[in-house]
Amino acid sequence: MNNSMPDSSTILRETWNNGTTLLAYPNLTSPAVYFTGYMQPGSIADPDEMHGLASFTTDMLMTGTKHLNFQQLHDKIESIGASLSLSTGHLSTTFFGQCLREDLETIWSLLVEVIQEPAFTEKQFKRVRNQILTSIAIQNQDTAEMASQAFNSALYGSHPYAHPEIGYAQTVSGIRLEQLESFHANHYGPNGLVMAVCGGIEPEVAREIFSRTLGTWQNNTQSPPETLPPFTPPVSSIRSHVALEGKNQSDLIIGVPAPKTVSRDYQVCSIGNSILGQYGMMGRIGKVVREKAGLAYEVSSHLGAGIGPTAWTIVAGVNPDNLEKAIALLKQELVRFCSEPVTEQELQDVKTQAMGRLPLSLETNAGIASILVSIERYGYSLDHLHQLPSIIESITAEEILASARRYWDLEKLVIASAGKAL
Amino acid sequence: MPINLNHNLHQFQLKNGLRVMLKEIHTAPVTSTWIWYGIGSRNELPGKTGLSHWVEHMQFKGTRKYTGEDIDNLVSRVGGYANAFTSSDWTTYFETMPSAHLHATLELEADRMVNSLFDPEEVETERTVILSEREGSENYPEFRLDEAVQLHSFQSHPYRNEVLGSKEDLIGITRDDLYQHYRNYYQPANAILCIAGDISPHTVLEEVENLFGGIQSVPMNRSIPTPEKTLNQGDLVEMEGPGEAHYLEIAWRCPAASDPDFFAYTIIESLLSGPSSLNMFGSGSINNRTSRFYQALVEEDYAASVFGDLSANIDPGVYKVFATIQPDGNPGAALKIIDEQIHQITSSELSIREIERAIKQARALFAYSSENITNQGFWMGYASSFADYQWVAEYLTRLSSVTPRQVLKTAQKYLREDQRVVGVYRASNTQEGS
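Here the structure is a predicted model, which means the values were calculated and not measured.

**Describing the overall build of chain A**
Now for step 1: Broken down by element type, chain A carries 15 helices and 11 strands.
Now for step 2: Relative to the globule expectation of 22 Å for 422 residues, the C-alpha radius of gyration of chain A, 23 Å, shows essentially globular dimensions.
Now for step 3: Seen through its C-alpha atoms, chain A measures out along the principal axes to roughly 60 × 50 × 35 Å.
Now for step 4: Residues counted as buried form 52% of the 422 residues belonging to chain A.

If you want it as C-alpha cells, here you go:
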C-alpha cells in the first residue's frame, strides 16, 4: 500500500454503456485482490406475502449454473483458494470476493456466470429453502436478532424496512421455484451494478477484465430500481419485548431515526455518536453502564448509514434482572447528551481519533475497496478522503448538541428487548 | 510470488529474559505492537478457572501512572485500536497505531507489566461484567454444548475448562487471587514483545531496552499440566433445551502444534471440513462447500451447515466438527454420515491433487493476511507461544512436504471412534425426524 490517500488522481472510475461502473485502486505490493460491490435487487421488491423472495433468489445463485453444478462451481472457486459471496439487503444485493491476483479473471467470469445463468434446480431449491428455514428457526431463538427485529418492526411500521431481508418461516415456505426464476429475470441486470477492486493488479488490467466480463452483460427485461416509499417516524415512544425461554441474558436496543447519510447532520451526529457510545471503552454509555455499574459486557451506540432511512441506536446485553436499571441509566445519559454540549476535550479526542483512523482504514485491500463503494453509493467526490479532515475539524460542540436534540427525541424513543419474560 | 515471513525480521532477548521480535514493514505509516504472556487457562488450578481472563480485563483498569481512562485515550485519541485476548495457552494485548505513537504504547505495556493496581472496587465491578460476558455466551446452545464437550474431552488437563471460567469460580475468586496470578505470570521472562510495521529496528530496540530492561524477572510458580494424548472411550454428551434447531459436535484428539503430525492433520481438516485461516482479523477466508463433510451432510440434507476447528496448542488438543441440524432433522443420522466419511479417510490414501489443493488454499490465505500489519504482529507472538516463529514462517513448506501416506497414518492414529467425544443438543421445540 502506498502512503497516499486514494483520490481522483489514483482511483480509476469508469462506466460502461450497460450501466455498470468500475472503481479500481492499485496496491501492487499485495499478491491478492479484493473486490466488492452492489447491484439492483433488494428485499424492498418483495411482495407483501413473499418476504424473503429477493434473499432466497440470491441464495440460489451460488448453487449452480447452467454449465456448472454445485460441486463444479465451488470446486472452481475453492481449489484456487478464492472466495465469492452474495447477500441481499433492503435496497441492493452486495457481492464480495477475494483471490490471488492471477485468478481475478477466473473469479469475475464465475461471478458473471452465477448472476446471469443460475440453474435454479428443484433439488437445490428444496435444500436452500430448508437452510433458510433453519436459519430463521435459529434466529427466532437469538435474543440479539429478535430484539433487532422487534426494534425494526416498531420503528419502521408499514415501511418495507420493518421486515427482515431473510423473510419469515411462513412466507419463505410459500415461495415457489418459478417465482425465484421470475424474480431473477426481472430484477437482476447490469444497470446500477457497481464494482470496486483493490489489490495487486493495475487498474487498467482490471478495466480490461471487467470489459470482457461484467461490462458485456445485457438484460433487456431488467426492471427499473424500486422506489422507496416515504418513511413516517413513530409519533410517540414504543416499548416492545420478545419473551424467550432459557436465556441468561437479555438484549436491548434503544433508538430513533438517524439523519440522512449524505448530510452535514450525519457528519455531526457521527462525531456525537462516537462520544456517546464508541470512543475508547464504548464512550459515555460504556463508562456508565459497563465501567461504573458493571451491568453489561457489551454496550455501545451506532449511527446507521444507507440510502434509505436508518436508525441511531444504543445496544446492550444485560442480565434480565438488570434490564430496567440499564434502560434508566441509558435514558439518563441521553438526557445529558441532549441538554449540555460535549466538552471541548471530548470533541478534540474524537476528532483526532477520526483523523488518525483514516490511514488505518487503508491498511487492507478490503478496507480500501469498501471506501470506494461508499464513495460511489453516496455520490461523494473521488477526493472525499482529502475533504473529510476539514469537515471533521469544522464540527462544533453546539452543532452536536443541536443535532442530539433534533434526533434523540426522548418522547419518541423506540425501546425493544428480547430475553426472559418481563 | 513466495511469501517470505522471515524478510526484515529481527529477534533479540533482553537480559531479564524478555524476547523481542521486530518486523519492518514500510507499506503504511502504521505499527502493531503485541505483548504475549505465557499464561492462559492451561495453567489454572481447579476452583480458580477464569483467573487469566479476568486479569486481562483488569489490565485496562489502570496503574499509578495511567488511569483506565488514560489507557483508553492513549490509543483512541490518535485513531488507533487496541484489544486483548486470553486463550488456553496465552494472554495477549495489542495496539495498532499510527507509527508516530509507538513509544507511547511501549511505555504503557512496560508500566502495566508490573504496576497494575487491581483496585478492589474495580475488581467487583468487573466480576459482574465478566459474568455478563459469560451469560451472553450461555444464550447460545452451541456454547453450552461446546463447553460440555470440551469438559469431556480431557480428564484433568485444564484444556477441559472454558477460558471465561465457571460461574462458581467467577463468584468465588478474590482480589488477592487475581493479583497473585498477575504478579506471578506478568514478568519479562514470561513475555514476548512483537512489533510489526513502520519501524527502525535499532531505534525501537533501544526504546525497548530503556523501558523494559529495568524490570526484574523473578522465579515463577507455574502449574504445568500433564498432556493427555488420548480421550475417554466414546464419550457421549446429551443435552436438551429450548430452541428449534439441533446441534451435533464431535471432538477428536489432535496433536500439539509442534508435533510433526500436526501438518498432516491440517491437510485432513482442510479436506474434511474446509481450510482454517491462521488469522485473527478476518483478512480472508475460504468456504468449505467442497469439503467432504459439507458434501455428505449439507448437500444431502442431513445438516444445514457444518464447519471444523483444529486448534494449535502447546499440548495435544482437539479437532472439533460442528453441525447444525434442521428442526426436522436427526443428529444420529448426521453422525452416521460423519462416520462414513471418517471410514473413507482412514481407509485409503488421498490423491496428490487433493494435497496440492489444500496447499494452494493455505497459500491464498497467507496472501490475504500478509497485507495486514496487525496480522503480521499477531503471527510472530502466536506461533512463538506454542512453538516458534519458524512454525508459521515454514508453514507452507511443511504442508508441501506432507505425503498421502502421512495423511492416512495420521487419520488412522487420531480419528478413531473410541477416541472421540460426541455431543448432541436436542431442541425441545421441534419434531425430530426418524
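Once the structure has been displayed, the description carries forward.
**Focus: the overall build of chain B**
Now for step 1: Across its full length, chain B carries 16 helices and 11 strands.
Now for step 2: Relative to the 2.2 N^0.38 estimate, which gives 22 Å for 434 residues, the radius of gyration of chain B is 23 Å and therefore close to what a compact globule would have.
Now for step 3: For chain B, the C-alpha atoms occupy an extent of roughly 65 × 55 × 40 Å along the three principal directions.
Now for step 4: If you take every contact in chain B between residues at least 6 apart in sequence, the share linking residues at least 24 apart comes to 82%.

**Some remarks on the interface of chain A and chain B**
Now for step 1: With 58 residues of chain A at the contact, the number on the chain B side is 55 residues.
Now for step 2: Those elements that place two or more of their residues in the side of chain A that touches chain B are helix 2 (70–78), strand 5 (93–100), helix 4 (122–139), helix 10 (279–292), strand 9 (296–303), strand 10 (311–318) and helix 12 (344–361) of chain A.

**What to know about the pairing of strand 3 (residues 30–37) of chain B**
All names here are of chain B.
Now for step 1: Counting buried positions along strand 3 gives 8 out of 8 residues, so the element sits mostly inside the fold.
Now for step 2: Side chains Val-30, Ser-32, Trp-34 and Trp-36 project from strand 3 onto one buried face, and the interleaved Thr-31, Thr-33, Ile-35 and Tyr-37 project onto a second face that is buried too.
Now for step 3: Note: strand 3 against strand 5 (residues 91–98), 8 bridges, orientation antiparallel. Each bridged residue has a counterpart across the sheet, and for Trp-34 the counterpart in strand 5 is Phe-94.
Now for step 4: Pairing analysis gives 7 bridges linking strand 3 to strand 6 (residues 191–197), with the strands arranged antiparallel. Of the residues in strand 6, the one forming a bridge with Trp-36 is Ile-192.

**Let's talk about the nonpolar core**
Now for step 1: Within the largest apolar cluster, 245 residues are counted, with the highest numbers of intra-cluster contacts made by Ala196(A), Ala326(A), Ala369(A) and Leu372(A).
Now for step 2: Setting aside anything within four residues of it in sequence, one finds Leu372(A) in contact with Ile11(A), Leu23(A), Tyr25(A), Ala196(A) and Cys198(A).

**Observations concerning the domain arrangement of chain A**
Residue and element names in this part refer to chain A.
Now for step 1: Taken domain by domain, chain A holds domain 1 (12–216) and domain 2 (238–419).
Now for step 2: A separation of 28 Å is found between the C-alpha centroids of domain 1 and domain 2.
Now for step 3: Counting residues at the interface gives 32 residues for domain 1 and 29 residues for domain 2.
Now for step 4: Mapped by element, the contributors of at least two residues to the side of domain 1 that touches domain 2 are strand 2 (21–26), strand 3 (32–39), helix 5 (143–156) and strand 6 (194–199).
Now for step 5: In terms of residue count, the dominant contributor to the side of domain 1 that touches domain 2 is helix 5 (9 residues).
Now for step 6: Within the side of domain 1 that touches domain 2, the residues separate by chemical class into 20 nonpolar, 11 polar and 1 charged.

**What to know about the packing of helix 9 (residues 264–277) of chain A against helix 10 of chain A**
All names here are of chain A.
Now for step 1: Between helix 9 and helix 10, the shortest axis-to-axis distance is 3 Å and the interhelical angle comes to 85°. The pairing of helix 9 with helix 10 is recorded here as roughly perpendicular in orientation. Seen from helix 9, the contacting residues are Ser-274, Ile-275, Leu-276 and Gly-277; seen from helix 10, they are Tyr-279, Met-282, Gly-283, Arg-284, Ile-285 and Gly-286.
Now for step 2: Of the residues that constitute the contact of helix 9 with helix 10, the class distribution is 5 nonpolar, 4 polar and 1 charged.

**Here we look at the sheet that holds strand 10 of chain A**
All names here are of chain A.
Now for step 1: Read across the open sheet, the 5 strands follow the order 7-11-8-10-9; overall the sheet is mixed. Edge positions in the open sheet fall to strand 7 (238–243) and strand 9, since each of these has one partner strand only. Strand-to-strand, the axes of this sheet are offset by a mean angle of 10°, without reference to chain direction.
Now for step 2: In the sheet, strand 7 pairs with strand 11 (residues 414–419) via 6 bridges, with the strands oriented parallel. Within strand 11, the position partnered with Arg-239 by the bridge is Ile-415.
Now for step 3: Running over the sheet, helix 9 touches strand 9 and strand 10 and is turned about 170° from strand 9.

**Describing helix 12 of chain A**
Now for step 1: If you check helix 12 of chain A, its first and last C-alpha atoms are 26 Å apart, about what 18 residues at 1.5 Å a residue would give, namely 26 Å.
Now for step 2: Looking at helix 12 of chain A, one finds that the buried residues are Glu346(A), Asp349(A), Val350(A), Gln353(A), Ala354(A), Gly356(A) and Leu360(A).
Now for step 3: In this structure, the buried side of helix 12 of chain A is in contact with helix 9, helix 10 and helix 14 (384–394) of chain A together with strand 3, helix 2 (68–76) and strand 5 of chain B.

**Concerning the domain arrangement of chain B**
Residues and elements named next belong to chain B.
Now for step 1: Here chain B is described as being made up of domain 1 (9–212) and domain 2 (235–427).
Now for step 2: The centre of domain 1, based on its C-alpha atoms, is set 27 Å off from the matching centre of domain 2.
Now for step 3: Each side of the interface is counted separately: domain 1 has 33 residues, and domain 2 has 28 residues.
Now for step 4: Breaking the side of domain 1 that touches domain 2 down by element, the ones donating at least two residues are strand 2 (19–24), strand 3, strand 5, helix 5 (141–152) and strand 6.
Now for step 5: Among the elements that make up the side of domain 1 that touches domain 2, the one with the highest residue count is helix 5 (8 residues).
Now for step 6: A per-class count over the side of domain 1 that touches domain 2 returns 17 nonpolar, 10 polar and 6 charged.

Procedures and definitions
Residues numbered from 1 in each chain as written. Chains lettered and ligands numbered in written order. Predicted model: local features only at pLDDT ≥ 70, side-chain atom pairs only at ≥ 80, totals over all residues. Helix = DSSP H or I, 4+ residues; strand = E, 2+ residues; numbered from the N terminus. Rg over C-alpha atoms; globule rule 2.2 N^0.38 Å. Buried ≥ 20, exposed ≤ 12 C-beta atoms within 10 Å, placed from the backbone. Contact = placed C-beta atoms within 7 Å. Pairing = 2+ DSSP bridges. Core = buried A, V, L, I, M, F, W, Y, C linked by C-beta atoms within 7 Å. Domains from an automatic or database assignment. Nonpolar A, V, L, I, M, F, W, Y, C, P; charged D, E, K, R; others polar. Axes fitted to C-alpha atoms, helices over the stretch in contact; angles between N-to-C directions. Parallel < 35°, antiparallel > 145°, perpendicular 65-115°, else oblique. Expected span 1.5 Å × (residues − 1).

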